[in-house]
Amino acid sequence: MERYVCIHGHFYQPPRENPWLESIELQDSAYPYHDWNERITAECYATNAGSRILDENKLITQIVNNYSRISFNFGPTLLSWMEFYAPEVCAAIIEADYESRQVFSGHGSALAQPYNHMIMPLATKRDKYTQVIWGIRDFQHRFGRDPEGMWLPEMAVDIETLEVLAESGIKFTILSPRQAQRVRITGEKEWQDIDDSVIDPTMAYSCHLPSNRRITIFFYDDPISRAVAFEGLLSSGEQFAHRIVGAFSNERNRPQIVNIATDGETYGHHHRHGDMALAYALNYIETGNLARITNYGEYLEKHPPEHEVEIIENTSWSCIHGIERWRSDCGCSYGAHPRWNQSWRAPLREALDWLRSIVDPGYEDYGSKLFKDPWKSRDDYIQVILNRSMDNIDGFMRKQSVDTLEAGQKSEALKLLELQRHAMLMYTSCGWFFDELSGIETVQIIQYAGRVVQLAHELFGDNIEAHFLERLEKAKSNIRKHSDGRSIYDKFVRPAMIDLNWVAAHYAVSSLFEEYGEETLIHCYGVKLVDYQTAEAGRAKLAIGNAEIFSEVTWESSRLNFGVLHFGDHSLNAGVQVFKDKEDYQEMVSELTGAFSRAEFPEVIRLMDKYLGTSVYSLRSLFKDEQRKVLDRILESTLAEVEAHYRQIYEMNYPLMLFVTDLGNPLPRAFQGAAEFILNTDLQGAFTSDSLEIEHIAGLLNDAVGWEVELDGQGLSFILQKKLESLMEILSSETQNTALIQQLIEAVELAQSQTFEVNLWRVQNIYWAILQADYQDFKAKAEQGDKSARKWLEQFNYLGKHLSIRMG
């Protein structure tokens with residue numbers, strides 16, 4: 001009988017974003033860009049071991065090959081993030097789904113997912129519909145087709161959720177074997193209880209719903225999946241293959257499918273080189289004709305269910321207590337802190353449920369004045385989330401609104417929809433999954449709730465924040481300094497809240513340190529400069545202006561005056577006030593510039609209070625990314641002085657330091673500190689210079705070993721990575737430059753000899769692009785006796801060897 005193998009990987013890890021900026025602040029992100037680029041590609045599934053194999057499976061072409069051969073799902077918010085920060089990877093995933101349709105009889109490998117990983121049985125029916133609708137439309141937008149299957153967050157399921165899936169056109173989902181209650185052969189009356197026995201996961205099952213709709217359920221093979229994720233099965237590709245094949249039985253006189261499901265990061269991130277084990281296993285199975293590799297959609301078409309199943313409601317794959325992990329202290333935790341409790345989960349959910357119960361009626365009442373059907377407008381809002389262009393939003397408003405809306409009404413309509421979006425985002429599952437209330441995942445969902453509170457106040461006029469915090473305060477942190485939910489809100493949510501005035505203050509302060517054009521985009525806010533004037537007096541600087549500030553998300557806008565007085569270091573004062581009229585503005589400019597020209601700085605501050613209000617902004621008011629840049633500028637001269645002092649100590653005492661270490665004695669702490677500072681500084685400079693002077697760098701590294709200096713591995717790794725990428729980009733446009741190839745060989749050898757690891761992902765991909773575009777031409781010339789081409793081939797092949805790329 002026919003035998004099939006299907007491997008599924010679930011990817012969902014939302015980046016940490018600022019709900020008020022609609023973007024990720026990289027310095028505070030849980031998953032920095034340069035880490036995630038590697039992480040995603042290192043987690044790819046390899047399936048074609050006979051083709052080009054890369055140690056960490058990082059080539060874009062390999063992503064296409066790999067993902068086209070297995071079943072996978074990516075959360076919409078993760079794909080949205082990758083679309084901006086890792087576009088090559090995102091494009092490869094989408095191309096892989098396209099190619100999978102050629103492999104699997106027209107069935108794509110990608111599965112959809114409810115939009116923001118909400119635990120569906122705990123959601124309202126209305127939220128379930130919107131989550132599924134958004135997930136489907138996001139999938140259609142990215143993959144250009146309708147999804148056949150949908151992955152349920154944490155496999156949390158109830159009958160109502162399955163009804164919503166089936167009604168929405170979803171054909172199948174995947175569950176854990178222990179979520180099955182009883183089974184029977186289709187057409188028979190007698191049911192077989194599962195109890196302690198395990199449901200047979202080698203076939204598909206039909207679930208008959210109260211509405212008379214049906215949905216297919218695949219139950220993954222739990223023992224094999226658990227062995228892959230937690231028991232080291234990926235240590236051997238051959239062992240893995242035998243374990244999969246061993247799940248088939250000659251006693252089953254029917255087609256069989258062995259399907260496993262794990263988190264996608266199992267292959268490469270959790271288990272280093274796990275992708276290679278999977279590559280070997282699937283190649284072993286295919287070349288030995290032991291089974292056919294398939295995906296769920298293809299198998300379902302070929303072998304429709306012949307058995308029916310009833311599920312156990314309110315269950316999941318990651319909580320043995322059902323779905324309690326997301327609403328109570330059930331005992332399930334990440335395990336890193338066994339003495340901690342998760343009693344905060346229940347009051348957190350209760351606080352969010354209360355908040356939703358307050359804003360939903362307000363949305364429906366207010367929304368009915370603007371939309372034909374407020375809840376349908378929410379369902380359709382995904383088309384705006386995917387494309388926030390003004391033309392698209394205008395089209396959405398024309399279709400959804402009860403009448404032609406004025407500019408202010410459009411802003412109110414968008415705020416209502418954003419309130420609803422964040423009211424769903426605040427239920428993202430990872431907020432309850434881990435151990436602590438102050439963890440980044442939980443703080444993230446509380447920030448989403450904070451955005452709901454702010455929008456509700458602006459729209460409905462009710463100050464619900466105090467009542468919300470009363471409930472949030474009942475959630476207690478395991479960490480004494482964080483106390484409870486109220487304290488965490490005050491520390492991590494309130495400081496993140498911004499409005500248009502804050503954007504104007506950010507613009508004013510940052511304008512002292514970088515040049516802006518007449519129109520500037522700061523995250524999701526447009527700034528159109530109307531007037532801008534500056535004056536300087538010694539180290540002090542004054543900037544005054546007014547600008548139109550516009551939110552691309554809510555279309556809220558305001559014309560604001562601003563002024564900032566900088567004293568030359570980290571001390572500055574800034575103020576913002578609504579623009580009244582031209583005369584008032586000119587009067588402010590005249591008085592402020594006059595006082596500043598006389599160096600009467602206390603008077604300047606008094607006048608700023610008079611014209612711009614007493615809400616004073618400072619460097620702390622800058623958004624994190626810009627704050628870091630400005631601080632670097634401010635510290636530049638001071639650090640130069642520090643470096644000069646350290647260099648004097650280091651260079652003047654170099655012979656003495658050599659003598660001390662030659663005698664086998666440790667360096668005095670003062671010398672050690674100077675050596676560490678100077679060597680790290682010099683290595684950074686050497687890595688960023690126009691050309692890499694390998695001998696000079698080697699000398700610095702030898703000194704670092706001799707002085708037992710601790711190098712800044714993370715910083716140096718990133719700098720060297722960027723340098724190598726820059727050199728490879730030059731090579732892509734100067735392909736014949738053999739001197740550059742030689743420099744790259746030496747640089748890669750240098751990178752690979754360090755104690756810190758250098759991410760070569762982009763270097764490898766650029767190399768691969770050159771290999772595909774130019775290699776054959778050089779090879780043909782070399783075969784015709786061209787010596788320069790032969791030299792190029794030798795060097796290029798040698799570089800490829802160092803980059804762990806095989807030519808065939």
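Residues numbered from 1 in each chain as written. Predicted model: local features only at pLDDT ≥ 70, side-chain atom pairs only at ≥ 80, totals over all residues. Heavy atoms only, no water.

## Description of a nonpolar patch on the surface
Piece 1. On the surface, Leu631, Leu635, Leu639 and Val642 cluster together into a nonpolar patch covering about 290 Å² of accessible area.
Piece 2. Residue position: leucine 635 is located in helix α23 (residues 624-652). (Patch = residues over 30% accessible without salt bridge, like charges linked within 9 Å, V, L, I, M, F, W, Y side chains within 5 Å. Areas by Shrake-Rupley, 256 points an atom, 1.4 Å probe, with all protein chains shown as cover. Salt bridge = Lys/Arg side-chain N within 4 Å of Asp/Glu carboxyl O. Helix = DSSP H or I, 4+ residues; strand = E, 2+ residues; numbered from the N terminus.)

## Points about the nonpolar core
Piece 1. Counting 101 residues, the largest nonpolar core has Leu348, Leu352, Leu355, Met426, Ile446, Phe468 and Tyr489 as its most contacted members.
Piece 2. Counting residues per element, this core draws most heavily on helix α17 (residues 440-460), which supplies 10 residues.
Piece 3. The residues touching leucine 348, leaving out its near neighbours within four places in the chain, are Gly431, Trp432, Leu437, Thr442, Ile445, Ile446, Leu472 and Ala475.
Piece 4. With 85 residues, the next largest nonpolar core counts Trp151, Cys207, Ile215 and Leu282 among its residues. (Core = buried A, V, L, I, M, F, W, Y, C linked by side-chain atoms within 4.5 Å. Buried < 20%, exposed > 50% of the residue type's maximum accessible area, 1.4 Å probe, protein only. Contact = heavy atoms within 4.5 Å.)

## Observations regarding the packing of aromatic side chains
Piece 1. Under the defined criterion, the tally for this structure stands at 37 aromatic pairs.
Piece 2. Between the aromatic rings of tyrosine 366 and phenylalanine 460, the centroid separation amounts to 6.2 Å while the plane-to-plane angle is 50 degrees, which identifies the pairing as tilted. Highlighted residues: tyrosine 366 in helix α11 (residues 345-368) and phenylalanine 460 in helix α17, separated in sequence by 94 residues.
Piece 3. Phenylalanine 460 gets classed as partly exposed once you look at its relative accessible area, which sits at 23%. (Phe/Tyr/Trp six-rings, centres within 6.5 Å; stacked < 30°, edge-to-face > 60°.)

## As for the sheet that holds strand β8 (residues 214-219)
Piece 1. What the six strands build is an open sheet, ordered β4-β8-β7-β11-β5-β6; its pairing is mixed. Edge strands, defined here as strands with exactly one partner in the open sheet, are β4 (172-175) and β6 (192-193).
Piece 2. Here strand β7 (residues 204-208) pairs with β8 via five bridges, running antiparallel. Counterpart to tyrosine 205 in the pairing with β8 is isoleucine 217.
Piece 3. Lying on the sheet, helix α6 (residues 159-167) is in contact with β4, β7, β8 and β11 (307-311); it crosses β8 at an angle near 115 degrees. (Pairing = 2+ DSSP bridges. Axes fitted to C-alpha atoms, helices over the stretch in contact; angles between N-to-C directions.)

Distances and angles like these do not, on their own, reveal function.
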